[in-house]
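Notes for the structure review
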Amino acid sequence: MKHNLLKILSAVGLLAYLTGCQSAAEENSKKTAAVTASPAMETFAPSKQKLTNKMQIPGEISGFQQVEIYAKVSSYVRALKVDIGSRVQAGQLLAVLEAPELSSQLSAAKSRLKSQEAIYMATKSTYDRLFETSKVEGTVARLDLEVAEAKKNADFAQFQAAKSAYAEVQNLLNYLEIRAPFDGVIATRNVNQGAYVGPAGRGSEMPIMTIQQQSKLRLAVAVPEQYAGFLAADQPLQFTVKSLPGQQFSGKIARKSGALDSRFRSERVEIDITNTNNKLLPGMVAEVELPLTSQDSTFVVPKAAVFTSGEGSFVIAVVDNKTSRVPVQKGRSIDGQVEIFGNLNPTMRLVSKADEEIADGTTVK
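Residues numbered from 1 in each chain as written. Predicted model: local features only at pLDDT ≥ 70, side-chain atom pairs only at ≥ 80, totals over all residues. Heavy atoms only, no water.

Per an unreviewed UniProt entry, the protein goes by RND family efflux transporter MFP subunit and derives from Sphingobacterium detergens. The record in UniProt for the protein states the following under Sequence similarities (unreviewed entry): "Belongs to the membrane fusion protein (MFP) (TC 8.A.1) family." (UniProt positions renumbered as here; feature names shortened; annotations may be inferred.)

Take a look at the structure:
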């Protein structure tokens with residue numbers, strides 16, 4: 001009897017021991033599974049830098065100054081002193097016009113001027129005599145003195161009008177000589193000697209000639225809205241032209257319009273070019289290289305660290321071994337890197353390969 005009891009107690013102890021071992025094994029297995037379930041993700045700390053890239057954009061070269069010359073008065077071309085390609089200096093005589101009717105108008109105006117001057121001098125002399133006589137009381141009636149003064153003032157006004165008319169005709173005669181407004185090159189000539197020219201109607205369809213300043217040129221570029229903020233005044237730029245392969249030219253940004261063209265959503269930027277060797281010509285099309293360097297440092301991350309869903313663009317931050325989506329805005333993308341803007345700081349850890357499938361709160365190693 002005693003022997004059987006010992007067997008029973010031994011069996012119960014063995015069973016309890018086996019049960020305890022199984023429970024410990026199961027607990028360890030659960031812990032191992034839990035650890036195994038937490039995925040391992042590669043992370044990095046975001047850093048700020050100035051992202052730089054370049055783009056090519058076409059532009060048109062024009063003379064720094066360019067003007068089309070028309071006739072001020074109806075006349076005939078008596079002589080042309082220059083032709084296409086002539087280099088001229090400011091004030092140089094370019095053409096001489098002829099208007100015979102202006103000569104007769106000048107003679108008539110001069111004659112009227114002399115006549116009005118004589119009338120005025122006579123009435124002034126009369127008034128002066130009456131005025132001196134009136135100093136003796138009772139010799140000249142006050143009304144007579146006032147009439148003489150009014151006559152003198154009226155004749156003086158007529159004299160001044162005649163003088164202005166004479167000067168006006170003289171000024172018109174000055175327009176018969178056309179002179180260069182600045183140093184430049186004659187780019188076009190549209191008339192010949194003897195041609196009729198005028199300010200309106202027949203003879204005014206085309207300018208007599210066009211003069212361009214070519215020692216200094218301007219290059220106009222239409223910069224798209226998204227890139228306009230990367231350019232600043234006095235910034236040097238490089239450009240090339242197709243007609244001169246293998247040669248590179250440079251200039252500085254001199255002017256920015258400060259407004260966008262409503263049709264093309266672009267800003268006009270002008271570059272001044274010193275053309276001392278006269279290689280460049282107005283009308284050439286240039287390929288301008290625009291360096292697009294951020295003025296301020298921004299966070300730059302690999303493209304794979306940003307994912308886009310219907311809710312927007314996000315990066316995944318790891319905080320206390322748990323994931324958290326951070327909304328961002330994407331900027332420029334260059335060579336596998338992208339600018340991002342949002343609530344970020346350099347102490348954060350971001351997942352290198354973000355995915356929409358990674359939910360918030362996921363435990364990671």
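There's more to say after this.
**A word on the nonpolar core**
Ile-61, Leu-219, Phe-239, Val-241, Leu-280, Val-288 and Leu-290 are the most contacted members of the largest nonpolar core, which totals 25 residues. When contributions to this core are tallied by element, the ones reaching two or more residues are β3 (52-63), β12 (216-224), β13 (236-241), β14 (249-261), β15 (266-274) and β16 (285-293). Residue contacts for Leu-219: discarding those within four places in its chain leaves Gly-59, Glu-60, Ile-61, Phe-239, Val-269, Glu-270, Ile-271, Ile-273, Ala-286 and Val-288. One finds Ala-71, Ala-99, Ala-180 and Phe-182 within the second-largest nonpolar core, a separate group that totals 21 residues. (Core = buried A, V, L, I, M, F, W, Y, C linked by side-chain atoms within 4.5 Å. Buried < 20%, exposed > 50% of the residue type's maximum accessible area, 1.4 Å probe, protein only. Helix = DSSP H or I, 4+ residues; strand = E, 2+ residues; numbered from the N terminus. Contact = heavy atoms within 4.5 Å.)

**Structural notes on the packing of aromatic side chains**
Taken as a whole and judged by the stated rule, the model has six aromatic pairs. Between Tyr-120 and Phe-156, the aromatic rings sit 5.1 Å apart at their centres with planes inclined by 55°, giving tilted as the arrangement. Taken together, the positions of Tyr-120 in helix α2 (residues 100-133) and Phe-156 in helix α3 (residues 142-174) put the pair 36 residues apart, joining distant regions of the chain. A centroid spacing of 5.7 Å and a plane angle of 25° characterise the contact between Phe-239 and Phe-249, whose relative ring orientation is stacked. Highlighted residues: Phe-239 in strand β13 and Phe-249 in strand β14, separated in sequence by ten residues. Owing to a relative accessible area of 2%, Phe-239 belongs among the buried residues under this scheme. Of the aromatic side chains, those joined through ring pairs into one cluster are Tyr-120, Phe-156 and Phe-159. (Phe/Tyr/Trp six-rings, centres within 6.5 Å; stacked < 30°, edge-to-face > 60°.)

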